[in-house]
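Summary of the model geometry
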Amino acid sequence: MPAKIINGKTYADGLRARIAGHVERLKHEHGVTPGLAVVIVGHDPGSEIYVSQKAKQTVELGMHSEKYELPENTSEAEVLTLVQKLNADPAIHGILVQSPLPKQIDPMKVIATISPDKDVDCFTPSSVGKLQIGLPGPVSCTPLGCLMLLRDTLGQLEGLNAVIVGRSNLVGRPLAQLLLRDNCTVTMAHSKTRNLASVVRGADIVVAAVGRPQMIKGDWIKPGATVIDVGINRIPAPERGEGRTRLLGDVDFKSASEVAGAITPVPGGVGPMTIVCLLANTVTTASLINGIEPPK
Ligand code: NDP
């Protein structure tokens, strides 16, 4: 039987509606309007589209949005000063500095300057530590989106074998923490893992976060497993016209969907969840900063 397709877009639409309800309550019951500031330095076309979408969705949900577009030659000191100003601004509850940054700016210094209370990307050492020991706080956006889709698809995750391919700070590592919290048995695979296909074959849950188009094949998947494809790979698509491209995931969707029980498509799977989780995190930090219980 072909796999169930996990529709991230539909789930994200529902979550957006729930967040709008939380924003309404924060405004009317507590006089708090959650505010998100996004900082972009230089001209990376992909980042510009992504940042505009973030700002648009923030406003659509009734939240306060600030967008700072700085020129390519902005100094590290200028970015740090802006972040400090946003740290002190009571109208702002979430700060996101879009990567990649130009080479004169050390991303680690920028991350270390963001107030942990406003760290909606969950990048600061303090946020990473909180996530590890289970304290309340923001949870990395893409991993949170993956977790929500898995819970929605499978219900209980307890006792399941999860194999995450990719160990980045952005996706693989925080997702491992979240799945451990849900009592999965977690294996993290990476570029030095031996016999990757057989490791993946043992998984009830496979998460691919590698950045290599169609690397994970159908015959690596245990029949009935749930497959979450985080990969976004833009490849040339001359069949669509000159200069056109298309998106591929890290999983070979065609062969994997013949074996898996459920699978996310690319696009339309994990991707739509990331921005909406950023907005959810901003509601969480706005609540915590104001001493209000954050929504579950
Ligand atoms: P990174 O490049 O930071 O990490 C890639 C990981 O894959 C590394 O841990 C690396 O191992 C591992 N890897 C590389 N090659 C292999 C291989 N041949 N076999 C096994 N493991 C391998 O990537 P990110 O985590 O930032 O992103 C991963 C993918 O997810 C990308 O396609 C990215 O575009 C996408 N993405 C999608 C998002 C969304 O919203 N849907 C959000 C964020 C990312 P090692 O550590 O040993 O080098």
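Residues numbered from 1 in each chain as written. Predicted model: local features only at pLDDT ≥ 70, side-chain atom pairs only at ≥ 80, totals over all residues.

A closer look at the overall build of the protein
If you tally the helices and strands in the protein, you get 10 helices and 11 strands. Taking 19 Å as the expected radius of gyration for a compact globule of 296 residues, we find that the protein reaches 19 Å, a close match to that expectation. For the protein, buried positions account for 42% of its 296 residues. (Helix = DSSP H or I, 4+ residues; strand = E, 2+ residues; numbered from the N terminus. Rg over C-alpha atoms; globule rule 2.2 N^0.38 Å. Buried ≥ 20, exposed ≤ 12 C-beta atoms within 10 Å, placed from the backbone.)

Considerations on the site of the ligand
As a structural note, the neighbourhood of the ligand is formed by 25 residues, with G166, S168, S191, G211 and T274 the closest of them. Here the shell around the ligand is built from residues that sort into 10 nonpolar, 12 polar and 3 charged. (Near = placed C-beta within 6 Å. Nonpolar A, V, L, I, M, F, W, Y, C, P; charged D, E, K, R; others polar.)

As for the nonpolar core
Nonpolar side chains in soluble globular proteins generally cluster together in the buried interior. Counting residues in hydrophobic clusters, the biggest one holds 83 residues, and the most contacted among them are I164, V165, V206 and V207. Ranked by residue count, the leading element in this core is helix α10 (residues 271-289), at 8 residues. Of the residues that make up this core, three or more belong to each of domain 1 (31-116) and domain 2 (141-271). Setting aside its immediate chain neighbours within four residues, V206 contacts V163, V200, I216, I221, A225 and V227. (Core = buried A, V, L, I, M, F, W, Y, C linked by C-beta atoms within 7 Å. Domains from an automatic or database assignment. Contact = placed C-beta atoms within 7 Å.)

Examining the pairing of strand β8 (residues 226-229)
Burial of β8 is two-sided: the residues T226 and I228 facing one way and the residues V227 and D229 facing the other way are all buried. Relative to β8, strand β7 (residues 205-208) is paired through 4 bridges, and the arrangement is parallel. Within β8, the residue paired with V206 across the bridge is V227. Bridge analysis of β8 against strand β11 (residues 262-263) gives 2 bridges, and the strand direction is parallel. Bridge pairing in β11 places V227 opposite I263. (Pairing = 2+ DSSP bridges.)

Description of the UniProt feature "binding site: NADP(+)" (unreviewed entry) in the protein
UniProt's entry tags G166, R167, S168 and I232 with the feature "binding site: NADP(+)" (unreviewed entry), counted in the numbering of this structure. Position of G166 among the secondary structure elements: in the loop between β5 (161-165) and α7 (172-181). The buried category is assigned to G166, around which 22 C-beta atoms lie within 10 Å. If sequence neighbours within four positions are ignored, G166 has contacts with V171, G172, H190, A209 and V210. (UniProt positions renumbered as here; feature names shortened; annotations may be inferred.)

Describing the pairing of strand β3 (residues 64-70)
Pairing between strand β2 (residues 35-41) and β3: 7 bridges, direction parallel. Bridged to I40 within β3 is E69. What joins β2 to β3 is helix α2 (residues 45-60), and the crossover it makes is right-handed. (Right-handed = clockwise from strand over helix to strand, strands pointing away.)

Describing the domain arrangement of the protein
Domain boundaries in the protein define domain 1 (31-116) and domain 2 (141-271). Using only C-alpha atoms to locate each centre, domain 1 and domain 2 end up separated by 29 Å.

Comments concerning the sheet that holds β7
Spatial ordering of the open sheet is given by β1-β11-β8-β7-β5-β6, a layout of 6 strands whose pairing is parallel. Each end of this open sheet is capped by a strand with a single partner; those strands are β1 (4-5) and β6 (185-189). Examined bridge by bridge, β5 and β7 share 4 bridges and lie parallel to one another. Residue pairing for β7: I164 is matched across the bridge by V207. Against the sheet, α7 touches β5, β6 and β7, its axis set at about 170° to β6. (Axes fitted to C-alpha atoms, helices over the stretch in contact; angles between N-to-C directions.)

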